[in-house]
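Tertiary structure, described
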Amino acid sequence: MIEIDNISKRFGEIQAIKEVSLQAANGKITGLLGPNGAGKSTALRVLYGLLKPDEGSVKVDGTDVFRQRPEAQRKLGVLPDAHGLYGRLSAREHISYFGRLHGVAENELEQQTDELIRLLDMQSIADRRTEGFSQGERMKVCLARALIHRPGNVVLDEPTNGLDVMTTRKVRELMLELKQRNITILFSSHLMHEVARLCDEIIIITSGKVVAQGTTAEIRSIAGEDNLEDAFVRLSEGDGP
Amino acid sequence: MHPIQAVFRKELIDGFRDKRALLTAFLFPALAPILIYGLIYAIIDMSSDAENLEVAVINAESAPALIQYMQEKGVEITTFTGNAEQAVKDKKQAFILEIPGDYQQRLRDFKTTIVPIIHDSSRSDTRISLRRLRDLVREYNGQLSALRLIARGVSPSVIRGVVSGNQDIASEEQRLISLFSMVPLYIMLAAFIAGMGLAVDSTAGERERKSLEPLLVNPVQRLHLIQGKWLAASFYAAIGMLSTLVLSLIVMLNAPLEDLGFIFSISIQQVIMLILATLPLPFLATSLEMLLGIFAKSFKDAQSYIGLVTLLPTLPFLIDTFNPVTTQDWMYATPIFGQYLLMTEVLGAVELSWLAYASSGVSCLLLSVLLCFLTSRLLSREAVITG
């Protein structure tokens with residue numbers, strides 16, 4: 001359960017997000033949809049504790065992210081905006097490094113790593129150094145290391161950005177698998193059809209503000225458009241109701 | 001596993017696999033023997049030049065007594081004709097002694113005779129030989145004057161009012177250490193260079209390859225991240241420095257120092273003292289490099305000004321060389337300078353109190369811990385992610 005309550009963040013003159021509130025519930029996939037530069041990444045960075053909001057609060061399973069950052073981060077699995085890897089470490093080493101940073105016990109670490117490697121279908125690359133990995137292979141490593149501590153809440157910033165069809169499909173399967181396990185999933189995207197297909201709940205954000213929130217059907221009716229894409233464009237341009 | 005340990009372990013593996021950084025780190029200690037041997041041979045060469053003094057003389061036949069005196073003292077005399085100034089300028093001759101044509105005449109008239117030495121004072125390699133030649137001429141003058149006085153029934157001591165004596169208090173080892181002041185400098189440089197690759201890679205490198213944001217998402221205190229990275233970088237810096245230290249000592253023990261009239265020996269106890277004295281240095285070096293590294297956005301950016309950090313260990317050497325100061329207790333507590341002092345004094349077999357070790361070690365480590373703390377504060381800035 002993720003609760004974002006009325007957060008605002010300003011960088012100098014630029015108001016990146018303003019009074020953003022949203023909730024993501026257990027066992028549901030919540031999509032944060034918005035054009036590039038709408039403030040999606042800023043909102044998520046506030047959520048996972050890297051930026052301090054000027055006002056408002058964020059709670060993960062009831063734990064305040066700013067008062068108890070490490071405790072809240074322990075409950076989160078995060079795929080951040082930046083996907084950097086250590087070129088000299090293998091995929092498996094990346095996963096176990098993050099597991100250890102999360103305090104996963106040594107005897108569970110190997111088993112959990114193997115499970116993720118199987119789940120993400122990365123057996124053939126697990127023991128290779130990540131130097132020279134393809135975009136899709138890199139994304140799998142990032143996802144696996146974000147999930148190694150079995151978080152109850154997963155936050156993914158543009159998880160399918162720049163991936164080929166095969167990997168994109170794999171990522172979607174993973175999200176559905178996590179949903180099956182009653183995990184809270186919040187992910188951002190600028191791809192309409194992706195959000196429409198996967199999400200139980202959609203939040204449309206543009207120019208740092210939430211302009212619409214609801215199920216696919218609800219969004220369509222808010223915008224007064226039959227087609228979700230038209231609804232998105234209308235809402236994004238700020239001439240919604 | 002504690003987060004510090006997890007970070008330390010990961011950075012250690014990462015650093016070990018970075019072949020290029022590893023090469024630069026350990027090329028430096030590996031070059032120590034070459035440097036030290038080169039230095040010793042240069043010194044031996046210079047001093048043997050002075051022993052086998054060879055003097056080119058113009059018009060030698062005019063002063064047979066002086067020439068004979070010099071030959072008795074082991075000087076090899078060659079005769080020179082031609083343009084003396086040009087020959088010295090062209091470095092064909094180190095220097096030339098010119099006997100004036102009226103030498104004998106002036107001697108008979110009891111007039112002062114000047115024998116010019118044509119030399120180039122900007123050349124440092126001939127300085128010792130030149131001084132010996134001057135001393136010989138002065139000695140000959142003393143002998144000649146004494147003979148003249150005795151011939152007139154006057155004691156030569158009449159004209160020797162005050163004479164300076166010579167009592168060198170430097171121990172053999174201390175004279176040796178002035179010879180080897182380069183070695184402590186080199187050891188300190190090793191501490192700064194060996195860990196630099198990893199210190200930069202684990203700070204500026206994290207930002208450059210965009211791995212910092214995923215790292216900071218983990219529920220780990222920033223200070224723990226920095227401490228793990230710091231210990232890993234210090235580990236390599238310490239290995240680099242200690243291997244330089246050990247290699248240097250081995251070379252010094254095996255170098256032909258007896259040719260210089262020195263005997264160098266070192267006890268196990270002294271070696272332990274040296275290690276104790278220098279061990280805080282790598283920790284300071286890497287904490288400083290990491291602090292600068294976290295400011296930089298890229299590896300290249302960082303390297304450009306971290307290079308300046310390597311000038312720091314040369315400071316004590318320069319101060320010691322150009323403005324020698326009397327050692328005072330507070331100097332030991334000055335990081336870097338304190339370690340330099342301890343090293344030169346342990347090598348010079350000077351007995352030191354435990355207080356000197358304690359104050360230099362504690363101040364150096366305290367400063368490093370403070371720098372790490374500062375680095376962790378910088379890591380908490382939002383600009384580290386958004387900038």
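Residues numbered from 1 in each chain as written. Chains lettered and ligands numbered in written order. Predicted model: local features only at pLDDT ≥ 70, side-chain atom pairs only at ≥ 80, totals over all residues. Heavy atoms only, no water.

Next up on the list: the sheet that holds strand β4 (residues 117–119) of chain B. Residue and element names in this part refer to chain B. Taken in spatial order, the 4 strands make up an open sheet running β2-β1-β3-β4, and their pairing is mixed. Sheet topology places β2 (76–79) and β4 at the edges, where each strand pairs with a single neighbour. The sheet shows a mean angle of 30 degrees between the axes of neighbouring strands, taken without regard to direction. Where helix α6 (residues 127–151) meets the sheet, its contacts fall on β1 (54–58), β3 (95–98) and β4, and the angle it forms with β4 comes to roughly 170 degrees. (Pairing = 2+ DSSP bridges. Helix = DSSP H or I, 4+ residues; strand = E, 2+ residues; numbered from the N terminus. Axes fitted to C-alpha atoms, helices over the stretch in contact; angles between N-to-C directions. Contact = heavy atoms within 4.5 Å.)

All right, on to the sheet that holds strand β10 (residues 209–214) of chain A then. Residues and elements named next belong to chain A. Strand order in the open sheet made by the 6 strands is β6-β7-β8-β3-β9-β10, with mixed pairing throughout. Bordering the open sheet on either side are β6 (76–79) and β10, each of which pairs with just one other strand. Direction aside, the axes of adjacent strands within the sheet are offset by 15 degrees on average. Bridge count for strand β3 (residues 29–33) against strand β8 (residues 184–189) is 5 bridges, and the pairing is parallel. Across the sheet, residue Gly 31 finds its bridge partner in β8, namely Phe 187. Docked against the sheet, helix α5 (residues 135–147) engages β6 and β7 (153–157), running at close to 165 degrees with respect to β6. Across the sheet, helix α8 (residues 216–223) is in contact with β9 (201–206) and β10; its angle to β10 comes to roughly 120 degrees.

Residues and elements named next belong to chain A. Domain parsing of chain A yields domain 1 (1–75 + 151–241) and domain 2 (83–150). Placing the centre of domain 1 and that of domain 2 at their C-alpha centroids yields a distance of 25 Å. Opposite the 18 residues of domain 1 that make contact, domain 2 presents 15 residues. Overall, the association of domain 1 and domain 2 removes approximately 1300 Å² of surface from exposure, summing both partners, and the carbon and sulfur fraction of that is 71%. On the domain 1 side of the interface with domain 2, the three residues burying the most area are Pro 151, Lys 170 and Leu 174, jointly 41% of the side's total. (Domains from an automatic or database assignment. Buried area = accessible area lost by both parts, 1.4 Å probe.)

Our focus in this paragraph is the layout of surface pockets. All names here are of chain B. Of the voids in this model, the largest pocket is the one considered here, and its volume is about 430 Å³. Taken together, 19 residues line the largest pocket, and the ones lying closest to its centre are Ala 21, Thr 24, Gly 197, Phe 299 and Gln 303. Residue composition of the lining of the largest pocket, grouped by class: 7 nonpolar, 5 polar and 7 charged. (1 Å grid on protein atoms, 1.4 Å probe; cavity = no way out; pocket = protein on both sides within 12 Å on 5 of 7 lines; lining within 4 Å. Points joined across faces, edges and corners; volume = space filled by probe spheres on them. Nonpolar A, V, L, I, M, F, W, Y, C, P; charged D, E, K, R; others polar.)

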